[in-house]
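# Observations on the model geometry
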Amino acid sequence: MKELVVKLLKKALKEKRIKLKDEEIEKLLEVPPTADMGDYAFPCFFLAERLKEEPKQIALEIREKIGNAPTTDFEDIQTAGPYVNFFFNRKSLAKKLVWEVITKKKDFGRSKIGEKKKIVVEFSAPNIAKPFGIGHLRSTIIGNSIANICEFQGFKPIRLNYLGDWGAQFGRLLVGYKKFGDEKKLQKNPIKHLLEIYVKSNKKSFDKQSAEEFKKLEDGDKENVMLWRTFKEYSLEEFDKVYKELGIKFDKQLGESMYNKKMKEIIKELKEKKLLEKSEGAQIVNLKEHNLGACLIEKSDGATLYATRDLASAIDRHSKYNFEKMIYEVGQEQKLHFKQVFKVLELMGYKWAKNCIHVEHGHYLGKDGKKFSTRKGKSVFLKDILNETKSLAKKEIKKRLPKIKEKELEKRAHKIAIAAIFYGDLKNNRKNNIVFDIKKFVSFEGDTGPYIQYSYARASSIQRKAESSEKFKVNNLDPQEIELIRKLLQFPDVVSKAYNSLSPSIIANYTYKISKLFNEFYHACPVIGSESEMFRLALVEAFRQIIKNCAYLLGIELLEKM
Ligand code: ARG
């Protein structure tokens, strides 16, 4: 439908000697907040300078140049101040849109704009030998959604998990294991045991020893390398379980340790490019001039650092993938770190450094407003959160279906719990801190994941009760139908907006809006047995399809029955 508007505008603009490409016009088009301002609006401000005219005047002239548009497509085209507003013919809009959605199916809203160019999306990145905590959950949820959005825009996302499997903390763990480790305990409950050890050894008195053990590990000491490997294997097993449960997949999983071998090269390159400076025995890149302090490259004992590994990994990823963009979905507390890394890459002469983006997020907070990652001084485990959420979901399901079979209950509760948590996060602007309130997240009413699943299940149940057919005729439309159709029409624009600002919340909020409009339609307009049965069934199907596409982008699963 948008193409029709673009076509009219392109022609009118050409007559005013303004040549714009289809995509450019498409980008300029706005969706007015209410239906009485039209379905699309073309703002004329940007032409004022070029034409040396008032935007209002330009709008009038463009309107005049458009002339009589076909009434089968447009009910009206009016100007309102500096805007030209387009009103689609309701019936034709309804017919074309619903038809387009049900024929394009999962491709409705997809764009080819990405031209299959590669975008590296790094997300999750938990640290081994520690439980998968709530801290890495946000990155996992948001990063996964961003990768899906990139894919929908026609890019080829490379989903990367960059495990924290190297660094000074392993020195601590090694000291701890040698002092307090117990092989039996490690076998029985590895992550718990490693955490205990870490807590015990995370003391000032072990600082020196820890640094020595890490240095030994970096230098390839046999015993330390073997222990480290064991810790890593146990952790990977644990993480695999988590990702399976969350329904998250990666194209590649690698760790910081991989870049250990490349440290010498990086340091040599930095030296050759005259970027290294000595400071208190350590090697740094001085970024004072850029207001970014100092980027630590090598410690006085020769041990390398987080930033150095990030430099090596970025260079490696670029040579492997020749990416268009590289996204790091990491908490906002690492803002300075990424600014430093990107700046150093730029100073090293890598032009692609400007295509590296730190997509940051805020914290989860408890209801008390404090950081959620530790409750009562203990870290919160994802496993416990998932179990808690699932049992809440079970309660909700049982309220409605007291006789549901255990296996089915388990299956549904799992999908609902994941949707509750994912949506509870994604509906918020990622930069904000959010209150992690499972009870609220799991509610079947309000702006929640389960509400969205419920709306879909409701649409599916209508579908099951009727025989659908491909043919339909559009009669007079009720206001609730028109509102729903107008919103569904916006889906492709919503995805491109979400991509431009790398904000899954735009998709989440849209999903909620269409669900709400669908429920209003459902209450006001009978489907089966009504005069408009065939059209309304097709509209229900179009809604189901778009909500499926939204759910895919958010990384949540829907249920046919709930
Ligand atoms: N493992 C790190 C942490 O938990 C996050 C890694 C982020 N990615 C990166 N390329 N530095 O803090």
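Read on for an overview of the structure. The structure displayed is predicted, hence computed values, not measured ones.

## With respect to the overall build of the protein
Summing up its helical and strand segments, the protein has 22 helices and 15 strands in all. Taken along the three principal axes of its C-alpha coordinates, the protein extends 80 × 70 × 40 Å. Within the protein, the fraction of its 562 residues that count as buried is 54%. Relative to all contacts within the protein whose residues are 6 or more apart in sequence, the contacts with residues 24 or more apart total 73%. Looking at the protein as shown, the accessible area adds up to about 27700 Å², and 50% of this sits on carbon and sulfur atoms. Of the side-chain charges in the protein, 108 are positive and 78 negative, and the distance between the mean point of each set is 2 Å.

## Remarks on the sheet that holds strand E10 (residues 325-331)
Taken in spatial order, the five strands make up an open sheet running E6-E5-E4-E10-E11, and their pairing is parallel. Looking along the sheet, the strands with just one partner apiece sit at the ends: strand E6 (252-255) and strand E11 (356-361). Shown here is a sheet whose adjacent strand axes are inclined to one another by a mean of 25°, direction ignored.

## Side note on the site of the ligand
All residues adjacent to the ligand are Glu122, Ala125, Asn127, His136, Tyr162, Tyr306, Asp310, Tyr328, Val330, Gln334 and Phe338. At 2.7 Å, a side-chain N or O of asparagine 127 approaches a nitrogen atom of the ligand. Here glutamine 334 contributes a side-chain N or O atom positioned 2.9 Å from an oxygen atom of the ligand. Elements supplying a minimum of two residues to the shell around the ligand: helix H13 (306-321) and E10. Along the lines of polarity and charge, the residues of the shell around the ligand split into six nonpolar, three polar and two charged.

## What to know about unusual backbone geometry
A positive phi angle, close to 55°, is found at lysine 274, a residue other than glycine. Relative to the assigned elements, lysine 274 resides in the loop between helix H12 (263-272) and strand E7 (276-279). Look at lysine 274 and you get exposed, because its relative accessible area is 73%. With a phi close to 45°, leucine 502 is a non-glycine residue in the positive phi region.

## Describing helix H6 (residues 135-152)
Here H6 contains 18 residues, and its C-alpha end-to-end distance of 27 Å stays within 8% of the 26 Å for a straight helix at 1.5 Å per residue. Burial within H6 is extensive, with 15 of its 18 residues counted as buried. One or two residues past the end of H6 sits glycine 154, with phi positive at roughly 95°.

## So, the pairing of strand E3 (residues 83-88)
Most of E3 is tucked away: five of the six residues are buried. As judged from the four bridges shared by strand E1 (residues 40-43) and E3, these two strands associate in the antiparallel manner. Looking across to E3, one finds that phenylalanine 42 is bridged to valine 84. Pairing of strand E2 (residues 74-80) with E3 involves six bridges; the strand directions are antiparallel. Its bridge partner lying in E3, alanine 80 is registered against tyrosine 83. What sits between the antiparallel neighbours E2 and E3 is a turn of two residues, in which glycine 81 has the positive phi angle 55°.

## What about a negative patch on the surface?
Residues Glu3, Glu23, Glu24 and Glu26 make up a contiguous surface patch of negative charge. Counting residues per element, the negative patch draws most heavily on helix H2 (residues 22-28), which supplies three residues. Its location among the elements puts glutamate 23 in helix H2. Given a relative accessible area of 48%, glutamate 23 falls into the partly exposed group.

## Some details on the packing of helix H1 (residues 2-15) against helix H4 (residues 55-66)
The contact between H1 and H4 brings their axes to 9 Å, and the two run at 110°. As the angle between them shows, H1 and H4 are arranged roughly perpendicular. Helix-helix and strand crossings are classified by hand; for H1 and H4 the assignment is right-handed. Contacts between H1 and H4 pair Leu8, Leu9, Ala12, Leu13 and Glu15 from the former with Ile62, Lys65 and Ile66 from the latter. Its residues assigned to classes, the contact of H1 with H4 comprises six nonpolar, no polar and two charged.

## As for the sheet that holds strand E9 (residues 294-298)
With antiparallel pairing, the three strands of this open sheet are ordered in space as E7-E8-E9. Every interior strand has two partners, whereas the edge strands, E7 and E9, have only one. Going from strand to strand, the sheet's axes swing by 45° on average, the running direction of each strand aside. Pairing of strand E8 (residues 282-286) with E9 involves four bridges; the strand directions are antiparallel. Across the sheet, residue asparagine 286 finds its bridge partner in E9, namely alanine 294.

## Here's the deal with the environment of lysine 252
By secondary structure assignment, the location of lysine 252 is in strand E6. Given the relative accessible area of 36%, lysine 252 is considered partly exposed.

## Focus: the nonpolar core
Side chains of nonpolar character tend, in soluble globular proteins, to be buried together. If you look at the biggest cluster of nonpolar residues, it comprises 148 residues, and the most contacted ones within it are Leu9, Phe42, Ile62, Phe86, Phe436 and Leu488. Of the residues forming this core, the biggest block, 13 residues, is contributed by helix H22 (residues 533-554). With near-sequence residues (within four places) excluded, leucine 488 lies in contact with Leu97, Phe108, Tyr510, Ile514, Leu539, Ala542, Phe543 and Ile546. In this structure, Val120, Leu254, Leu275 and Cys295 belong to the second largest nonpolar core, which totals 38 residues.

## Side note on the packing of aromatic side chains
Under the counting rule described, the total for this entry stands at 32 aromatic pairs. Arranged with centres 6.0 Å apart and planes meeting at 70°, the rings of phenylalanine 152 and phenylalanine 491 form a pair that is edge-to-face. In this pair, phenylalanine 152 sits in helix H6 while phenylalanine 491 sits in helix H20 (residues 491-500), placing the two residues 339 residues apart along the sequence. For the pair shown, phenylalanine 152 and phenylalanine 491 are each scored as buried. With 5.7 Å between their ring centres and 40° between their planes, tyrosine 328 and phenylalanine 342 make a pair best called tilted. Residue tyrosine 328 is located in strand E10, and its partner phenylalanine 342 is located in helix H14 (residues 335-347); the two are separated by 14 residues in the primary sequence.

Conventions we followed
Residues numbered from 1 in each chain as written. Predicted model: local features only at pLDDT ≥ 70, side-chain atom pairs only at ≥ 80, totals over all residues. Heavy atoms only, no water. Helix = DSSP H or I, 4+ residues; strand = E, 2+ residues; numbered from the N terminus. Buried < 20%, exposed > 50% of the residue type's maximum accessible area, 1.4 Å probe, protein only. Contact = heavy atoms within 4.5 Å. Areas by Shrake-Rupley, 256 points an atom, 1.4 Å probe, with all protein chains shown as cover. Lys, Arg positive; Asp, Glu negative; His and termini not counted. Charge placed at Lys NZ, Arg CZ, Asp CG, Glu CD. Pairing = 2+ DSSP bridges. Axes fitted to C-alpha atoms, helices over the stretch in contact; angles between N-to-C directions. Near = heavy atom within 4 Å. Polar contact = N/O pair within 3.5 Å; in protein donor to acceptor, adjacent residues only side chain to side chain. Nonpolar A, V, L, I, M, F, W, Y, C, P; charged D, E, K, R; others polar. Expected span 1.5 Å × (residues − 1). Patch = residues over 30% accessible without salt bridge, like charges linked within 9 Å, V, L, I, M, F, W, Y side chains within 5 Å. Salt bridge = Lys/Arg side-chain N within 4 Å of Asp/Glu carboxyl O. Parallel < 35°, antiparallel > 145°, perpendicular 65-115°, else oblique. Left-handed = near helix turned anticlockwise from the far one by under 90°. Core = buried A, V, L, I, M, F, W, Y, C linked by side-chain atoms within 4.5 Å. Phe/Tyr/Trp six-rings, centres within 6.5 Å; stacked < 30°, edge-to-face > 60°.

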